[in-house]
There are 2 protein chains.
Amino acid sequence: MALPAESLQSLQQIDLLQGLRAAEQEVVAQAARRCRVEQEASFFQQGDPAVFLYVLLKGRVKLTQLTPEGQEVILRFIAPGEMFGGIAALGDASYPTTAEASKDCLALAWDGQTMTHLMERYPRIALNALKRLAARLQEVQDRYRELATERVERRVARTFLRLIRQAGVKQEGGVLIDLTLSRQDLAEMSGTTLFTVSRLLSRWEREGLIESKRKRVLVCRPHALVAIAEDLPANSPPKEPSEP
Amino acid sequence: MALPAESLQSLQQIDLLQGLRAAEQEVVAQAARRCRVEQEASFFQQGDPAVFLYVLLKGRVKLTQLTPEGQEVILRFIAPGEMFGGIAALGDASYPTTAEASKDCLALAWDGQTMTHLMERYPRIALNALKRLAARLQEVQDRYRELATERVERRVARTFLRLIRQAGVKQEGGVLIDLTLSRQDLAEMSGTTLFTVSRLLSRWEREGLIESKRKRVLVCRPHALVAIAEDLPANSPPKEPSEP
DNA sequence: GAATGTCTTTGCGCTGGCGCAAACAGTCGG
DNA sequence: CCGACTGTTTGCGCCAGCGCAAAGACATTC
């Protein structure tokens, strides 16, 4: 699904431009401005009037939402080739999220008008956008359901599995999640607190499931996490049945 | 936003067909098959291969998700004029949700192929779909954030406010939510349990905020709910500050 | 109108997870 | 090498909300 590579070589790999001829892709790309944003800086803030639709070429973007009280929630990460911030720009709305560069980024940006015209001219673009958006909607819905029905341990396990898919790098000893994520970040991705995450990771480490360093986690036994996420009978049975 | 009326008079009111000429709307509508589904029955079940994109003409549809353990979560209701079930049909995916008629329904249905062609022919349709989908994504994200950060009381208050917007009918004495919703339903819409909802409603009734009958709620003081949802200092101060 | 089923309320006990506070690493700059 | 940060761990107390069980209210059927 997502690109394993961190940077993007060609227009071929842009979701939005799939199925267009190379020449057409060129035309569309020409209509965009390039846009660099360095680590920690942001493309846009939640509430800003939505002007641009972006496609990330290089780097990684963190999409977050802020509660009125200032608490943060991480919605997702964007990998090279994906669009973001986008569809709000087609209407006259404001951005519903904040997009922060979690490493130095390079992106293409079209303003709403331009992109609307391009989509009318090349409906494939709109169709591609629709598909991506639908996939994203589905993902958020799934996570909404998880949050509504599942306990913390499972949700955190799921978060790790997702991270492995997005940024997992095989190593001897397990799969490294190749991102710098604090306990706080993990908590914001799982709908819990940094304390609970910390306690959970400590336990998992004691049980040999993972090895965690500061801001970095190595998953030693990924399918043990799957067992937790799916509530399969784990290898180390957590509890005896009550006496008969 | 949503249509107040329960049934739809003309093609003019279909989100997907906004901005097309009447003749074009006709063509598009002709390509659809009509589809009746009676109360309690379902358009499709979560996991079914996604074939059709629907637009609701009449009735009301409940979109839900089921956990592997069989617990249900209500994602949203669809009012006449809105599309649903849809975008999965453009790819070759399965439906990520279940769509159940919560009253007798009439809908238009296009299969994925047909709709893809229509969108290529009339890009406006794709653009309209994009906007709707974007709005829906944003809504789910907001609710995700609420679920992750806010306590039950607020979430239930928000659920009511949303319901008022979607199906509120003014009456003497307040606003009636003109839907039959059990405590269980309200719980599934708020991410909690029917017990908690019941207790909360009892309290609100004691405080004169609402009047609740079986499967029906009359909101007497809507802006008191807003106060709860936004954590404003309520009119009846819940607590005294601790002594100095 | 008695009987049956569905929905709702409420008491009760329990616990998962929150959140403070304080100690404990690593990391960075000079 | 030292201090100052920033991130992490852990103990501790607490309570919001869960979930059972049992009773009560309302509907529906024959």
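Below is a summary of the structure that appears in this document. Keep in mind that this is a model prediction, so the values were computed, not measured.

### Describing helix α2 (residues 112-121) of chain A
- Regarding α2 of chain A, the residues found buried are Gly112, Met115, Thr116, Leu118 and Met119 of chain A. Buried residues of α2 of chain A fall within an arc of 165° about the axis and therefore sit on the same side. Exposed side chains of α2 of chain A directed beyond 90 degrees from the buried face belong to Gln113 and Arg121 of chain A.
- If you follow the buried residues of α2 of chain A, they end up packed against α1 (22-30), β3 (52-58), β8 (105-111) and α3 (123-149) of chain A together with α3 (123-149) of chain B.

### As for the relation of the copies chain A and chain B
- Expressed as a screw operation, the relation of chain A to chain B combines 0.0 Å of axial shift with a rotation of 180°, fitting to an RMSD of 0.0 Å. Read as a symmetry element, the transformation amounts to a two-fold axis.
- The share of interface residues of chain A whose copies in chain B are also at the interface is 100%, consistent with both copies meeting through the same surface.

### Section: the packing of aromatic side chains
Residue and element names in this part refer to chain A.
- Scanning the entire structure with this criterion turns up 16 aromatic pairs over all chains.
- Seen in terms of ring centroids, Phe44 and Tyr54 are 5.9 Å apart; in terms of plane orientation they differ by 25°. Their pairing is stacked. Here Phe44, found in strand β2 (residues 42-44), pairs with Tyr54, found in strand β3; they are ten residues apart in sequence, far enough to count as distant.
- Relative accessible area serves as the criterion here: at 3%, Phe44 is assigned to the buried category.
- Residue class for Tyr54 comes out buried when judged on its relative accessible area of 6%.
- Members of the aromatic cluster, joined through ring pairs, are Phe43, Phe44, Phe52, Tyr54, Phe84 and Tyr95.

### Re the environment of Leu200 of chain A
Residues and elements named next belong to chain A.
- Among the secondary structure elements, Leu200 is positioned in helix α6 (residues 194-206).
- In sequence terms Leu200 and Ala157 are 43 residues apart; their C-alpha atoms lie 9.7 Å from each other.
- Here Leu200 is in contact with Val152, Glu153 and Val156, once residues within four sequence places are set aside.

### Side note on the interface of chain A and chain B
- Counting residues at the interface gives 40 residues for chain A, matched by 40 residues for chain B.
- Of the roughly 3,900 Å² buried between chain A and chain B on both sides combined, carbon and sulfur atoms contribute 72%.
- When residues of chain A are sorted by the area they lose upon contact with chain B, Leu130, Tyr144 and Arg145 of chain A head the list and together hold 19% of the total.
- At the boundary of chain A with chain B, the tally comes to two salt bridges.
- Joining chain A to chain B, the criterion identifies eight residue pairs in polar contact (both at pLDDT 80 or more).
- Examining the composition of the side of chain A that touches chain B, we find that 21 residues originate from one element, α3 of chain A, more than from any other.
- When grouped by side-chain class, the residues that make up the side of chain A that touches chain B number 20 nonpolar, eleven polar and nine charged.

### Structural notes on the protein's contact with DNA strand C
- Around DNA strand C, the surrounding shell holds 17 residues, and the nearest of these are Thr192, Thr196 and Arg199 of chain A together with Arg183 and Arg214 of chain B.
- Take the atoms of DNA strand C that sit within 4 Å of the protein: sugar and phosphate atoms are 57% of them.
- Between DNA strand C and Val152 of chain A there is a distance of 3.0 Å, counted from a phosphate oxygen to a backbone nitrogen or oxygen.
- One of the side-chain nitrogen or oxygen atoms of Ser202 of chain B is found 2.8 Å away from a phosphate oxygen of DNA strand C.
- At the level of secondary structure, the elements contributing two or more residues to the surface near DNA strand C comprise α6 of chain A together with α6 (194-206) of chain B.

Calculation notes
Residues take numbers from 1 onward in each chain, read along the sequence in its written order. The lettering of chains begins at A and the numbering of ligands begins at 1, in the order of writing. Residue-level local features of this predicted model are given only where pLDDT is at least 70; pairs of side-chain atoms are given and counted only at 80 or more, and the full residue set underlies all totals for whole chains, interfaces and linings. For the side-chain quantities, the full set of heavy atoms in the structure was used; hydrogens and water were omitted. Under the scheme applied here, a residue whose accessible area is under 20% of the maximum for its type counts as buried, over 50% as exposed, and between as partly exposed, the area being computed with a 1.4 Å probe on protein chains only. Only DSSP runs of H or I covering at least 4 residues are called helices, and only runs of E covering at least 2 are called strands; the numbering of each starts at the N terminus. To obtain the arc, one takes the directions from the helix axis to the C-beta atoms. Throughout, a residue-residue contact means that at least one pair of heavy atoms, one from each residue, lies within 4.5 Å. Residues reaching a pLDDT of at least 70 in both copies supply the C-alpha atoms on which the copies are superposed by least squares. To pair, rings of Phe, Tyr and Trp, with the six-membered ring standing in for Trp, must have centres within 6.5 Å; the planes then decide the type, stacked if under 30 degrees apart, edge-to-face if over 60, and tilted in the middle. Joining two parts hides part of their accessible area as seen by a 1.4 Å probe, and the buried area is that hidden amount summed over both. Only one rule defines a salt bridge in this text: a Lys or Arg side-chain nitrogen within 4 Å of an Asp or Glu carboxyl oxygen. N or O atoms closer than or at 3.5 Å make up a polar contact, with two conditions inside protein: a donor-capable atom paired with an acceptor-capable one, and, for residues adjacent in sequence, both atoms drawn from side chains. Classes in brief: Ala, Val, Leu, Ile, Met, Phe, Trp, Tyr, Cys and Pro nonpolar; Asp, Glu, Lys and Arg charged; the others, Gly included, polar. For this description, a residue counts as near a given molecule or strand if any of its non-hydrogen atoms is within 4 Å of it.

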